[in-house]
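One-letter residues, chain by chain:
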Amino acid sequence: MRYSSSSDKERSCYYPHRLRQGCATILSNPGNVETLETQAFLRYFDLIMSVYDHAIAEKKWQERWEQEGLYSTSNISDDREHLMVLTEFPYPSGNLHMGHWYAFSLPDAYARFMRMQGKQVVYPIGFDAFGLPAENAAIKHRTHPRAWTEQNIETMTGQLKSMGASFDWSRAVSTIDPDYYRWTQWMFIRFFEKGLAYRAKTMVNWCPTDKTVLANEQVVDGKCERDDTPVEQREIEQWMLKTTAYASELVQGLEGLDWPEATKTAQRNWIGRSEGAEVDFSLRVPGQEDGKHSVTVFTTRPDTLFGCTFLAISPELAKKWLDVGWNGSEQVRSYVQDALSRRELERMEREKTGVSAGITAVNPINGEEIPVWIADYVLGAYGTGAIMAVPAHDERDMGFAQKYGIPVRQVIEPSSGQGASAVAGDVYDGPGILIDSEAYTSLVSDEAKQKIIDALERDGVGRRRTTFRLHDWVLSRQRYWGCPIPLIKCASCGFVPVPDEQLPVRLPELDDFRPADDGRSPLARDEAWVHTDCPQCGKPAERETDTMDTFVDSSWYFIRYTDPKNAECFADPERMQHWLPVGMYVGGAEHNTMHLLYSRFWARALHALGLTHFAEPFTSRRNHGIILGPDGQKMSKSRGNVIDPDELVREYGADTVRLYLAFMAPYEQGGPWDPKGINGVHRFLKRFWRYVTEAAGGDGSDTEGAVRAVHAATKDIGQDLAVMKFNTVVSALMIMLNDLEQEGPASRAVLSRAVQLLAPLAPHMAEELWREALGHEESVHLQPWPVYDEKKLVRDAVDLPIQVNGKLRGAIRIAPDAIEEIALERAREHEGIARYLVGVSIAKVIYIPGRMLNILIV
Ligand code: ANZ
Ligand code: ZN
């Protein structure tokens, strides 16, 4: 009997066994439609008449899960291990794209798996809602950033829910919520009190389009990363955070972290720790007393001190000298002015230029007099802003020396003996053996470094020193859509923090929030907001009008997830203890430096203030790749290669999209979207559905092959999910289904296990099969991960007869080619055989693989 509609030949396949059963029941109970069996029949009948309708099923389960509170995590401690699975803090740009799906739906599978592994897992979500893009979009669309942002949050919440992720929405936070930024401000004040937040006049990157300061990290190839405008250098007073205070710790802390090596390397390079020495050179300045002035250089190569043929100082340092009365030449003055108008990076990349300072310096190691130059390749903000130049052993110095005809003197020879000839223009910058270096000649570089520093220290003209490339974090922005800096400027008291009980300092609602041309923040226009009283002396005072960089907001969001509604403190210490540090943080490699460094700094600072129990916020970190358009290019509207997840969800369902994202590439690599590929996984899911529903109605019994298929899959999938090898998880599911199909309908136990294995990646279909087709009460997502039995994994097992001293004592199921140790171990595990083996010693074993095992005992 087939209840098929000819238009869809697949329909006939669903639940035929159940259908048959139900019909039988009805036939045996004519006239009694009220029995449970007939109700069941009608339900099954409805089901078979429809194919798996992902739209209905996905919506149904998303609602049920929310009603049942399946993913709201309690803060009560139990025996389980607690784990926060954290993903990037999404920016409410207005539309969920494939990148979001990649970033959230696969870590969701990991979170689900960890839950099934018996851990208490929280998978939080929120919105990083302040920032320039919102403001720029609002200006473009002639709306207010708040309206624009709130609308986007609403849309994206709906889209995120369509993913079927196990987010704990009860913990959602949004950084524009005054309850959130109140604590951002509170922390800022603690940093300010500790001297970690300070004001300084610095050269900053200024984007003339955005009319704001940019962090170094926000400048790409000399242009604003947002709008490609060439960035200018301006000297402005800014609020800074002293990231450099923890430079050493930020390098050392990396050691203990389970992070990708590439990310650690990126951070090490960014922080740029260099061990070396400072060396003081006294100066001979025309018109001034000899040795009255001196300059200190930073070098990582004190072993090359005898090869130093000139000193070079940065234009910044030259400017300082000019400012305090150095009578530099006209040439010097115009050179300095010109060089200072260029960006650091540009100065580094261009051909080096310089100008003679008309000054000489005295090398403290041998009293030699050498010229001083001003050179643009010397950076003002690194080391001491001055270098001892050794052209023979440094590329940049060599280029400069050749250009300006400065002598070159080789003082290091490669240990192999075959020295590069420095005079011929080759630079040897490795370690080696010292030559032409008086008492230090013949020493190796490392030893010479130490001895030379010792000598300099003894004479008081040098010292050991470690330097970092890391700059302090320029925090303030002259823009509207950010967290206000909670300080008040008083003419007599200076900057005074807003008292804690008056926080948050709310962002005023401005109609005209556009940036001003004078570089002042738009907040300055709200006179009523600006004017206030000094909390210290009570005299009239003004509020700080700059807002904070949005990297501040995302520096501590994971902390707020532990206790999102707390009005007494930023998070209860017990709750932090419960969930933090973050056990698994999954995100993109573009965050290797900025966000991951800022939040590590933030955590260090909070920890140093005694406000948290952890110094490192993220114990484990995994990076994911990027999904490219089908053409292999970055997805972008202008290229027309954007794949819209909403459309795919409508057509194939969220489970298919999730499964395909998992399948298409190794997660840490990503790759181009293949529009045809998604059909393959979609067909696979349909087949999975058909197999389970068909078998669920019958009285399938398990073949060895079926049992083996699910046990093998349990092992493989478990191993791969634990390390986020999602693509091989999908292949393992496919292999399992093939094997099961070949074996025919399996038992409910085997089917249930198969569905459990599907659950992390295809949560909706798995739930539908689990509860509806297999009739389980409790959600599949609350089930423990099944255990597998190694013995059941063996293919083509044989019954191997076991003899003890020649007498048959039993048989074990084992692979025909199993090695002797394994066969013996299995024999020992066999109850009937084991009792002959206790308290005796084995004299000899005769083993013929696949045939028999004879254990001779004494
Ligand atoms: C002498 C020397 C000889 C150097 C030699 C190198 C090779 P890292 O490792 O990146 O820290 N340096 C110091 N301050 C500088 C500045 N403000 N701008 C540009 N260059 C600067 O590099 C340290 C080396 O970079 C220092 O060691 C110095 O050059 C240069 F055979 O001193 B060296
Ligand atoms: Zn005051």
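What you see is a predicted model; the values in this text were computed from it and never measured.

What counts, and at which threshold
- Residues numbered from 1 in each chain as written.
- Chains lettered and ligands numbered in written order.
- Predicted model: local features only at pLDDT ≥ 70, side-chain atom pairs only at ≥ 80, totals over all residues.
- Heavy atoms only, no water.
- Core = buried A, V, L, I, M, F, W, Y, C linked by side-chain atoms within 4.5 Å.
- Buried < 20%, exposed > 50% of the residue type's maximum accessible area, 1.4 Å probe, protein only.
- Helix = DSSP H or I, 4+ residues; strand = E, 2+ residues; numbered from the N terminus.
- Contact = heavy atoms within 4.5 Å.
- Near = heavy atom within 4 Å.
- Polar contact = N/O pair within 3.5 Å; in protein donor to acceptor, adjacent residues only side chain to side chain.
- Areas by Shrake-Rupley, 256 points an atom, 1.4 Å probe, with all protein chains shown as cover.
- Pairing = 2+ DSSP bridges.
- Axes fitted to C-alpha atoms, helices over the stretch in contact; angles between N-to-C directions.

K.L.:
Break down the nonpolar core for me, citing the residues and quoting the values.
P.N.:
By size, the foremost hydrophobic cluster in this structure holds 176 residues, and its most contacted members are Phe-558, Ile-559, Leu-661, Trp-673 and Phe-688. At 12 residues, the largest contribution of residues to this core is made by helix 4 (residues 98-116). Aside from chain neighbours lying at most four places away, what touches Ile-559 is Phe-570, Ala-571, Met-576, Leu-580, Leu-606 and Phe-614. Judged by nonpolar contacts, the second largest core, of 41 residues, contains Phe-281, Val-297, Trp-321 and Val-355.

K.L.:
Kindly report on the site of ligand 1, identifying the contributing residues and their values.
P.N.:
Near ligand 1 there are 18 residues, and of these Ser-274, Thr-299, Leu-379, Tyr-382 and Arg-469 occur at the shortest range. Contact distances for ligand 1 include 2.4 Å between an oxygen atom and a side-chain N or O atom of Ser-274. Contact distances for ligand 1 include 2.7 Å between an oxygen atom and a side-chain N or O atom of Thr-299. Across the complex, the protein chains shield 88% of the 640 Å² of accessible surface that ligand 1 would expose by itself. Taken together, the elements giving at least two residues each to the shell around ligand 1 come down to strand 11 (294-299) and strand 15 (386-389).

K.L.:
Tell me about helix 20 (residues 654-664), and name the residues and values.
P.N.:
In terms of burial, helix 20 is a largely internal element, 10 of the 11 residues being buried. Taken together, the buried positions of helix 20 are occupied by Ala-654, Asp-655, Thr-656, Val-657, Arg-658, Leu-659, Tyr-660, Leu-661, Ala-662 and Met-664.

K.L.:
An account of the side chain of Asp-168 is needed here, citing residue identities and associated values.
P.N.:
Of note, Asp-168 is situated in the loop between helix 6 (145-161) and strand 4 (173-174). Given the relative accessible area of 1%, Asp-168 is considered buried. A polar side-chain atom of Asp-168 sits 2.9 Å from a polar atom in the side chain of Arg-171.

K.L.:
Outline the sheet that holds strand 22 (residues 494-497), listing residues and values.
P.N.:
One key point about sheets: their strands pair by backbone hydrogen bonds, in either a parallel or an antiparallel sense. The strand order across the open sheet built from four strands is 22-21-24-23, with neighbouring strands paired in antiparallel fashion. The strands lining the two open edges of the sheet, one partner per strand, are strand 22 and strand 23 (531-533). Here the strands of the sheet are splayed against their neighbours by 45° on average, with no regard to which way each runs. Here strand 21 (residues 487-490) pairs with strand 22 via four bridges, running antiparallel. Paired with Leu-487 across the two strands is Pro-497, which belongs to strand 22.

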